[in-house]
Amino acid sequence: MGALGRGGWAWTCLVVVLLVELAGASHVVYDYEKLLEMEAAKEAVPPSIVDPQLKTGYHFQPIKNWINGNANLPNLLSALVELELAAPLYYKGWYHFFYQYNPKGAVWGNIVWAHSVSRDLINWHALETALEPSIPSDQYGCWSGSATILPDGTPVIMYTGVASPNNYQVQNIAYPKNASDPLLREWVKPSHINPIIVPEGGINATQFRDPTTAWRAAGDGHWRLLIGSVAPTGGTRGGTRGVAYVYRSRDFRRWTRVRRPLHSAPATGMWECPDFYPVSKDGRRVGLETSVMGTRVKHVLKNSLDLRRYDYYTVGVYDRRVERYVPDDPAGDEGESRRMRYDYGNFYASKTFYDPAKRRRILWGWANESDTAADDVAKGWAGIQAIPRTVWLDPSGKQLLQWPIEEVEALRRKSVTLKDRVIKPGQHLEVTGIQTAQADVEVSFEVSSLKGAEPLDPALASDAERLCGAKGADVEGGVGPFGLWVLASANREERTAVFFRVFRAAAGSDKPLMVLMCTDPTKSSLNPDLYRPTFAGFVDTDISDGKISLRSLIDRSVVESFGAGGKTCILSRVYPSLAIGKNARLYVFNNGKAEIKVSRLTAWEMKKPLMNGA
Ligand code: DQQ
């Protein structure tokens, strides 16, 4: 990570770190001169980029036009924000969302915990900042962390504080000043106990962060939590081995590290924002509180790999007596081809939390921009949250399923439905009658015949992303590509494709057919200088009956798609120059040789919820 603004407030530090996802990149460092250049570059930003109709409507983001009172750099970077996830929480009838926020710019820096509350996870009210640098052990930044509800019902926050300009990371604790306030407006960080955990025993002190929600084991009643890290350099296993350390405590005050990590994996680099939680083995949608254990549960370990900027997870078994976690598929965290992602698109630093009100586990991730830094400066905002997703274990036990929380359906307005419409090879069909720049679309497809499925090139069989890059939405196939063109312009010169393509698997494979799901944004905008990666993942589904479903949440500059009932998910950021507002159109297309039937398609216009005062 890069340096932080001194004291988190004054722009005396001339280095900021900017999160851009260019080429899936990690952090890109800009100095002050560069920022001034970007400010000047605002002039060259295409007008459509700053069109307010590209700002997402029903995805979480802070209010626009936040004004900073910074004396050192008046005007520069004022009214700009960057956000990413810190911690979600349910308390006394309110959902709380704390997030990493730069009150001074659309670039990463000056990190505080901003705070919003909601009754339904859809309509949001912004509150005062919850945590900002104020004690020696967080004077250079209040980074990510998690909330835990103690047995007496009091919430407590554990978060990473940056305690030195050299990026020395420690863990701090904060309590609500008044736990009877359902809005939890004020937080205190008792100075006599902070920092509560420091990097001792050879831990890499600059890569030691993001404590999880704690869980408590029946029996000894001790608390446990994880802290993400990377093994110290040196030795045969050091350097790039990602690590999740376990800390234990009787009283939530004194924490001791368990000698061996819960889990680690070679060549994965720093494990940011680890998350560890139980899921019910019986495949029911019901969520479990974080401390639930036993023979009827599996555990999920998720890590956000700083090297790749994606969220990977495994499903496995947690043995609390030895504090070890063993993934069911040992290869699951050791190679891109076998690793599972929550989302095969732009989705990072996510967290889950247990929602006792609806007995579900909710996953919430952050999506950065994929325009340029100068664009972000010009438009005045950067970063959104995906729609919260209910998450549960697939009946196969091998993977998770995800589905947008039901509350989002309350935003549905005017709709249009198509039934039993055949799309012949090379044809497309426009969905008319509603505005689709902000829409929710559910489609059930039926393939007429699977006989013509093209053979899967063994060289690409384990690399969905390259496969989709080679066989994009316009490359004719046997069965597929078929799917949706969303945020499309009238003549379709702009369009973002979300689609499936079916392949015949190589001999010896456990399944005869492989289904690829892709989002292809290569034609999403006439504007240059945008990052337009084709995102893709295989869908572990049985398509032998020819049926497959797709849901896409379209929201002006984001397309969030769920294949086969949430088996594979892809979020993509796009910035059309023509397909904006009323000019955005929706189509079903088929570029394969097999006929496709749309058994049913319903598309709803989506209302804009309350969004932090915007
Ligand atoms: N961002 C936070 C860190 C975390 C990273 C700092 C994830 O705590 O590791 O803003 O992107």
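Named according to an unreviewed UniProt entry, the chain is Beta-fructofuranosidase originating from Digitaria exilis. Entered under Sequence similarities (unreviewed entry) in the UniProt record, the comment concerning the chain runs "Belongs to the glycosyl hydrolase 32 family."

(A) Spatial organisation of the pairing of strand β37 (residues 568–573). A large share of β37 lies buried, amounting to six of its six residues. Across the two faces of β37 the burial is the same, with T568, I570 and S572 and C569, L571 and R573 all buried. For strand β36 (residues 558–563) and β37, the ladder comprises six bridges, and the chain directions are antiparallel. Residue pairing across strands places E560 opposite L571, the latter belonging to β37. In sequence, β36 turns back onto β37 through a hairpin of four residues, with A564 there showing a positive phi of about 50 degrees.

(B) Spotlight on unusual backbone geometry. The amide bond that connects N194 to the next residue, P195, takes the cis arrangement and shows omega of 0 degrees. Here P195 shows up in the loop between β10 (187–188) and β11 (208–209). The residue after G480, namely P481, is reached through a cis peptide bond having omega 5 degrees. Phi is positive for L184, close to 45 degrees, though the residue is something other than glycine. With respect to the helices and strands, the residue L184 is situated in the loop between β9 (169–176) and β10. Its identity is not glycine, yet C273 carries a phi of approximately 40 degrees, on the positive side. Along the chain, C273 falls in strand β17 (residues 271–280).

(C) Main features of the pairing of β9. For β9, a buried count of eight out of eight residues is recorded, marking the element as mostly surrounded by other parts of the structure. Here β9 shows a buried face lined by Q169, Q171, I173 and Y175 and a second buried face lined by V170, N172, A174 and P176. Where strand β8 (residues 155–162) meets β9, six bridges bridge the pair, whose relative direction is antiparallel. In the sheet register, V162 faces β9, and the bridge partner there is Q169. Between β8 and the antiparallel strand that follows it, β9, lie six residues; N167 among them carries a positive phi value of about 75 degrees. Relative to β10, β9 is paired through two bridges, and the arrangement is antiparallel.

(D) Here's a closer look at the environment of K302. As for its position among the elements, K302 is in strand β18 (residues 297–305). Accessibility expressed as a relative area gives 0% for K302, which makes it buried. Separated by 30 residues in sequence, K302 and E272 place their C-alpha atoms 9.4 Å apart. Every residue in contact with K302, bar those within four places of it in the chain, is listed here: E272, C273, P274, D275, D311, Y312, Y313, Y342, A349 and S350.

(E) How the structure looks around the sheet that holds β10. The strand order across the open sheet formed by four strands is β7-β8-β9-β10, and the pairing between neighbours is antiparallel. The sheet is open, and its two borders are formed by β7 (142–149) and β10, each paired with just one other strand.

(F) Local environment of the state of the cysteines. Under the definition given, this model contains one disulfide. A disulfide bridge connects C468 with C518, and the sulfur atoms are separated by 2.4 Å. Placement of C468 in helix α3 (residues 464–470) and of C518 in strand β33 (residues 513–520) is noted, with a sequence separation of 50 residues between them. For the residue pair C468 and C518, the accessibility class agrees, reading buried in each case.

Conventions adopted
Residues numbered from 1 in each chain as written. Predicted model: local features only at pLDDT ≥ 70, side-chain atom pairs only at ≥ 80, totals over all residues. Heavy atoms only, no water. UniProt positions renumbered as here; feature names shortened; annotations may be inferred. Buried < 20%, exposed > 50% of the residue type's maximum accessible area, 1.4 Å probe, protein only. Helix = DSSP H or I, 4+ residues; strand = E, 2+ residues; numbered from the N terminus. Pairing = 2+ DSSP bridges. Contact = heavy atoms within 4.5 Å. Disulfide = S-S within 2.5 Å.

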